[in-house]
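# Secondary and tertiary structure notes
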Amino acid sequence: MYKNQSPHFVDWAITSKCNLSCRHCRGFPEGDLSTERAKKLIAEIAELKPGWVIVEGGEPLLREDLFELLGMMQQRQLEVHLITNGMLLNPKILTTLKQLGVKVMISIDGATPATYEAIRSGASFERVVQSARICAQEGLLEAINFTLLKTNYSEIPGILKLAASIGAQRVTFIGLKPCLDYSEELLTPQQYGE
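Counting secondary structure elements, the protein contains 7 helices and 8 strands. Counting only residues that meet the buried cut, the protein has 46% of its 194 residues in that class. Nonlocal contacts in the protein, meaning residues at least 24 apart in sequence, comprise 74% of its contacts between residues at least 6 apart. Surface accessibility of the protein: about 10,700 Å² in total, with carbon and sulfur atoms responsible for 52%.

Another aspect to go through is the pattern of salt bridges. Taken as a whole, this structure holds 7 salt bridges when the rule is applied. The partner of Glu138 in a salt bridge is Lys98, with the nearest N and O atoms 3.0 Å apart. Placement of Glu138 in the loop between α5 (125–137) and β7 (141–148) and of Lys98 in helix α3 (residues 91–99) is noted, with a sequence separation of 40 residues between them. Judged by relative accessible area, which is 36%, Glu138 ranks as partly exposed. Note that Arg120 and Asp109 form a salt bridge whose closest N and O atoms lie 2.6 Å from each other. Of the two residues, Arg120 sits in strand β6 (residues 120–121) while Asp109 sits in the loop between β5 (103–107) and α4 (113–119), which places them 11 residues apart along the sequence. One continuous salt-bridge network, built from bridges that share partners, spans Glu36, Lys39 and Glu68.

As a further point, take the nonpolar core. The nonpolar side chains of soluble globular proteins are, as a tendency, buried together. With 51 residues, the main nonpolar core has Val55, Leu70, Ile106, Ile108 and Ile144 as its most contacted residues. Discounting chain neighbours no more than four positions away, the residues touching Ile106 are Thr84, Asn85, Gly86, Leu89, Val128, Ser131, Ala132, Cys135, Leu141, Ala143, Ile144 and Asn145.

Note that Ser131 resides in helix α5. In contact with Ser131, other than residues within four places in its own chain, are Gly86, Leu89 and Ile106.

If you trace the 6 strands from one edge of the open sheet to the other, you get β1-β3-β4-β5-β7-β8, paired in parallel fashion. A strand with exactly one partner marks an edge of an open sheet, and here the two such strands are β1 (9–13) and β8 (171–175). Neighbour-to-neighbour, the strand axes of this sheet turn through a mean angle of 25°, independent of strand direction.

Once that is clear, we can look at the packing of helix α1 (residues 35–48) against helix α2 (residues 66–75). For the pair α1 and α2, the least separation of the axes is 10 Å and the interaxial angle reads 20°. It follows from the interaxial angle that α1 and α2 lie roughly parallel. Here α1 runs over α2; the crossing is right-handed. Contact residues: α1 offers Thr35, Ala38, Lys39 and Ile42, while α2 offers Glu68, Leu69, Met72 and Met73.

With that out of the way, let us pick up the pairing of strand β3 (residues 52–56). Across the 5 residues of β3, 4 count as buried, placing the element largely inside the fold. Pairing of β1 with β3, which is carried by 5 bridges, proceeds in the parallel orientation. Bridge pairing links Asp11 to Ile54 in β3. In the classification by handedness, the crossover that spans β3, the intervening α2 and the parallel strand β4 (residues 80–84) is right-handed.

Quick look at α5 now. Helical geometry: 3.6 residues make up each α-helical turn, so side chains three or four residues apart lie on a common side. Helix length check: α5 (13 residues) gives 18 Å between terminal C-alpha atoms against 18 Å at 1.5 Å per residue, within 8%. Considered for burial, the residues of α5 that qualify are Phe125, Val128, Val129, Ser131, Ala132 and Cys135. For α5, the angular spread of the buried residues around the axis is 160°, confining them to a single face. Those residues of α5 that are exposed and angled more than 90 degrees off the buried face are Glu126 and Gln137. For α5, the elements touching its buried residues are α3, β5, α4, β7 and α6 (156–166). Within two residues after α5, Gly139 carries a phi angle of roughly 75°, on the positive side.

Cut-offs applied
- Residues numbered from 1 in each chain as written.
- Predicted model: local features only at pLDDT ≥ 70, side-chain atom pairs only at ≥ 80, totals over all residues.
- Heavy atoms only, no water.
- Helix = DSSP H or I, 4+ residues; strand = E, 2+ residues; numbered from the N terminus.
- Buried < 20%, exposed > 50% of the residue type's maximum accessible area, 1.4 Å probe, protein only.
- Contact = heavy atoms within 4.5 Å.
- Areas by Shrake-Rupley, 256 points an atom, 1.4 Å probe, with all protein chains shown as cover.
- Salt bridge = Lys/Arg side-chain N within 4 Å of Asp/Glu carboxyl O.
- Core = buried A, V, L, I, M, F, W, Y, C linked by side-chain atoms within 4.5 Å.
- Pairing = 2+ DSSP bridges.
- Axes fitted to C-alpha atoms, helices over the stretch in contact; angles between N-to-C directions.
- Parallel < 35°, antiparallel > 145°, perpendicular 65-115°, else oblique.
- Left-handed = near helix turned anticlockwise from the far one by under 90°.
- Right-handed = clockwise from strand over helix to strand, strands pointing away.
- Expected span 1.5 Å × (residues − 1).
- Arc of directions from axis to C-beta.

Structure, rendered in structure tokens:
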């Protein structure tokens, strides 16, 4: 009845490690796949022939073998989009990502320093904006990711303006998935309609 179809994309949380403590993060089980198991998984993903692969975390740049794994994905001709909080990006990392053909998505959950830094504890608004600008200048920035919360949804117009000033071609709005401990951050249907 249905022909064997490839997935639109594969979303891989490649590590549970993170350098921030974000208000909306539910965390991950401890422990990452070994390098050998991750390599086998890449081969399995390549067999699926997805449109692209999202590599995220935690913070994927904290995984020591990340660039080895990204190189393997490049060899398998997988289109990779890396989601990062932007705090660890530097010229060396950007050069490597560019060589590997990786597109970058940077999470910026507020249009102002106060909102952003309240949501992403340990982050710097100035630093993330600078990282996003450099990624845009280098042709690496795929999108700004913005998780919708009660504490930031009023800043949607501001994030669109900020994204335009950075040079981002796209803003991806991500709904917070409901769960018991995060009900206070969920938007109401009325707030979605505003």
